[in-house]
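Structural characterization, general
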Amino acid sequence: MAEPILDRERFVAQVTDLQETLYRTARSILRNEQDAQDAVQEAVTQAFARLHTLRDPAKFKPWLLRILVNTCYDACRRRRSTVYLEAVEETLAAPQSDCEERMRSAVMRLPEEQKAVVTLFYYEDLPIRAISEVLGVTQGTVKTRLSRARGRLRQMLDQ
């Protein structure tokens, strides 16, 4: 087994710095606060166990986000038939006057692939290349999903 590039203290420091990013990403995919917290915890545990697979410490953020996204999608597959009350409330709630809340609500209603791309691009400020690495798709696919998501968001917000 190869020696890890990051020691425990540096790992903890980087995870602490990314804490909000990890939670927002998980929350955008899972739509449930408790599931998002569980997914972040599981992803961090997996990342620490696989720390020896990280080749470049500069790519820690996309590497950890990729583990988190995979963990979230695994959780989605396990609970496909579960409908959470929070998701229904967001859909049935009266329109908010607050523009930011309307935008967040519209983003949460996007299909999973588009929602992940929008969250990583706009909320986490990741470049297209990093998003393609995190999601395991080509840069062209990321651009297409982002373009389609923008169109859908325009339609939703015009209504």
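Located above this text is the structure these notes cover.
Rules of the game
- Residues numbered from 1 in each chain as written.
- Predicted model: local features only at pLDDT ≥ 70, side-chain atom pairs only at ≥ 80, totals over all residues.
- Heavy atoms only, no water.
- Salt bridge = Lys/Arg side-chain N within 4 Å of Asp/Glu carboxyl O.
- Helix = DSSP H or I, 4+ residues; strand = E, 2+ residues; numbered from the N terminus.
- Buried < 20%, exposed > 50% of the residue type's maximum accessible area, 1.4 Å probe, protein only.

Let's shift gears to the pattern of salt bridges. Tallied over the entire structure, the rule returns four salt bridges. Salt-bridge contacts for Glu124 lead to Arg24; the nearest nitrogen and oxygen are separated by 2.9 Å. Within this pair, whereas Glu124 is found in the loop between helix 7 (112-123) and helix 8 (128-135), its partner Arg24 is found in helix 2 (residues 19-30), the two being separated by 100 residues in sequence. On the basis of relative accessible area, Glu124 is assigned to the buried category, the value being 5%. Residue Lys115 pairs with Glu112 through a salt bridge whose shortest N-O separation is 3.3 Å. With Lys115 and Glu112 both in helix 7, this residue pair falls three residues apart, about one helical turn. Assessed through its relative accessible area of 0%, Lys115 is described here as buried. For Glu112, a relative accessible area of 27% puts it in the partly exposed group. One network of salt bridges, in which partners are shared, links Glu20, Arg24 and Glu124.

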